[in-house]
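Spelled out, the chains give:
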There are 2 protein chains.
Amino acid sequence: MSDLPKFVEFREEGPREGFQIEPKIYPIEERTQLIDMLSETGLQQIQVGSFVSPRYVPQMQDTGDLFQRIKRKDGVRYTALWLNEKGFQKALSTPNVTMEGRLLFYASDAFSRKNNNISALEMRENQRNWLRLYKEHDLKVDAAYVMAAFGCNFEGAIPMERVLDDFRFIIDLAKEEEVPLPTLVLADTMGWGNPQSVKRLIGAVRDLAPEARIGMHIHDTRGLGLPNLQAALEMGVDMFESSLAGLGGCPFAEHGNFRAAGNVCTEDAIFLCHELGIETGIDLEKLIAAARRAEEIIGAPLMGRVMHSGGLDKFRN
Amino acid sequence: MSDLPKFVEFREEGPREGFQIEPKIYPIEERTQLIDMLSETGLQQIQVGSFVSPRYVPQMQDTGDLFQRIKRKDGVRYTALWLNEKGFQKALSTPNVTMEGRLLFYASDAFSRKNNNISALEMRENQRNWLRLYKEHDLKVDAAYVMAAFGCNFEGAIPMERVLDDFRFIIDLAKEEEVPLPTLVLADTMGWGNPQSVKRLIGAVRDLAPEARIGMHIHDTRGLGLPNLQAALEMGVDMFESSLAGLGGCPFAEHGNFRAAGNVCTEDAIFLCHELGIETGIDLEKLIAAARRAEEIIGAPLMGRVMHSGGLDKFRN
């Protein structure tokens, strides 16, 4: 385990992933308070919301307002998601949004068609236009995501070669457009990865671009979130997207009794890192307090572990 | 990851660990039905209940009755826990109990005093008497447990040397008493282990007794249950004690809103093994059905992942 990174960055997805899947809209005051608590934990990046169609995602329609209410903390990037140019322009004109470019690729054609009504290849070509748009606005292209990188509930297992093909496209595109290579993010959108496939894919991506920073967006749908994060750490990955208290939850849940797990849980992942001697810059106790507040806001048990048990520091001799 | 075992045995602790921590006593018909469902999954061992003081653990007072009601399936071992000779005699005289000896050691003195009112060293000496009692009754000594092997909420971190000392005692005892070496079980009773400490301790135990079978009893208190199980798999461990749906839960929970996690979740662990190509002899779909039934019986969300999301086989091309 000699490849463990010394410092790992966590990017918090909870405020968006968590509240966008809920059937109700939670009071903006409570969501503001939660983000303000997160700002004090040491997190460097918090995704606040999304500028997407209020017809499809009414839970996010007050994202602009939310950005105006939060107490911006120096050194924290407050990001938003957009999926079309209208959303991008809205983000641009909203105070407090940290503007950075992100490119989105789909390893699953069926998933791309479902989400975007276009094929994965058309989606890929569109990313060229997005990159140019970001350049025009002098925005750094921060990260490029390949979604459903391990498998897809609509398409089945995804051959590794298809994912690598997307990453090759990204590497070539950055070269052609003369921008620095963005962080290459493997997104296990529907929880198909396992520690072996995670290590294999990370190794193959590193072979394509040894100089690249590699990140992972992990979902804990089937319980392998933390084993996969551990596998990625052992491959030297030092950036993860995760969700406070495991907020999120998968719309593909089979069993009505309880929501299926969402993103890998931020505070559990940070507990793991700290136990392994890896620094994160994050105060676990403050993060646990925020997770407990999130559970109060949602009003239902959330699936984080360490938020219920507490950490270990207070027991140490 | 070349040391992964080809076949891993899971021993189901849910019926005991799960129901003994609940404040109420669930109908015996429902617990019988759950055990009967588990018998059909391919599990080789199911811990049905315990013969302990009804004053302290009233939830287990009908264990004898439960043993009589279950449909015994050939090839499945139905075990029980006892902590004193009275309990042992009760188990002996109860039909359907698979009688095997287990030895219990405490790496934490404070935990031993709390659970047994005697020191860890006195507890250890008592195990010599237990072993002789098992021999007298011609019972195989199946496993020897060192509890709180990684740390203890009452005592803090546990030095590895203390754990190894217990295992040395066990190895010497088996030699002196001329019985086969039992499976050496590392029990992370309060969720203190991490993938590094798990690998380190397993390696050290294997150095003491290269011929021994090593097992783990894992709690998921702080979310590291599956990463630790993965680490143990990579060290060749092929026996785990786990709990359906993550039943169990820790009495040391800090946060009133929701129970802290209990044992590592059987069906999530089995999903992990199957994804890694490791056989378990267990039908995941049947196990998921049992986990969902357990959630209905408990009447509160349980923390298993795959029971809510479903497995992957039906999506595979």
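Scroll up a little and you will see the structure.
Notes on the structure follow. (Residues numbered from 1 in each chain as written. Chains lettered and ligands numbered in written order. Predicted model: local features only at pLDDT ≥ 70, side-chain atom pairs only at ≥ 80, totals over all residues.)

**As for the overall build of chain A**
- Helix and strand content of chain A: 12 helices and 10 strands.
- Structurally, chain A occupies a C-alpha span of about 55 × 45 × 40 Å along its principal axes.
- Of all 317 residues assigned to chain A, the portion counted as buried reaches 52%.
- If you take every contact in chain A between residues at least 6 apart in sequence, the share linking residues at least 24 apart comes to 73%. (Helix = DSSP H or I, 4+ residues; strand = E, 2+ residues; numbered from the N terminus. Buried ≥ 20, exposed ≤ 12 C-beta atoms within 10 Å, placed from the backbone. Contact = placed C-beta atoms within 7 Å.)

**Quick notes on the sheet that holds strand 9 (residues 214-218) of chain A**
All names here are of chain A.
- With parallel pairing, the 8 strands of this open sheet are ordered in space as 3-2-1-10-9-8-5-4. Two strands bound the open sheet, and with one partner strand each, they are strand 3 (77-82) and strand 4 (101-106). Here the average twist between neighbouring strands, direction ignored, is 25°.
- The pairing of strand 9 with strand 10 (residues 239-242) spans 2 bridges and is parallel. Bridge pairing in strand 10 links M216 to F240.
- Of the strands in this sheet, strand 8 (183-188) and strand 9 are in contact with helix 8 (residues 195-208), which crosses strand 8 at around 155°. (Pairing = 2+ DSSP bridges. Axes fitted to C-alpha atoms, helices over the stretch in contact; angles between N-to-C directions.)

**Some thoughts on the environment of A:R55**
- By secondary structure assignment, the location of A:R55 is in the loop between strand 2 (45-51) and helix 3 (63-69).
- Along the sequence, A:R55 and A:G203 sit 148 residues apart, while their C-alpha atoms lie 41 Å from each other.

**Overview of the packing of helix 2 (residues 28-39) of chain A against helix 11 (residues 284-298) of chain A**
Residues and elements named next belong to chain A.
- Here helix 2 crosses helix 11 at 170°, and the two axes come no closer than 9 Å. Comparing the axis directions of helix 2 and helix 11 gives the class roughly antiparallel. Between helix 2 and helix 11, the contacting residues are E30, L34, M37 and L38 on the first element and A289, A290, R293, A294 and I297 on the second.
- Taken together, the residues that form the contact of helix 2 with helix 11 break down as 7 nonpolar, no polar and 2 charged. (Parallel < 35°, antiparallel > 145°, perpendicular 65-115°, else oblique. Nonpolar A, V, L, I, M, F, W, Y, C, P; charged D, E, K, R; others polar.)

**Some thoughts on unusual backbone geometry**
- You will see that A:N117, though not glycine, has its phi angle at about 65°, which is positive.
- Along the polypeptide, A:N117 turns up in the loop between helix 5 (109-116) and helix 6 (120-136).
- Note on A:N117: 9 C-beta atoms within 10 Å, which makes it exposed.
- Here the phi dihedral of B:E178 falls at roughly 55°; this positive angle occurs in a residue that is not glycine.
- With respect to the secondary-structure elements, B:E178 resides in the loop between helix 7 (160-176) and strand 8 (183-188).

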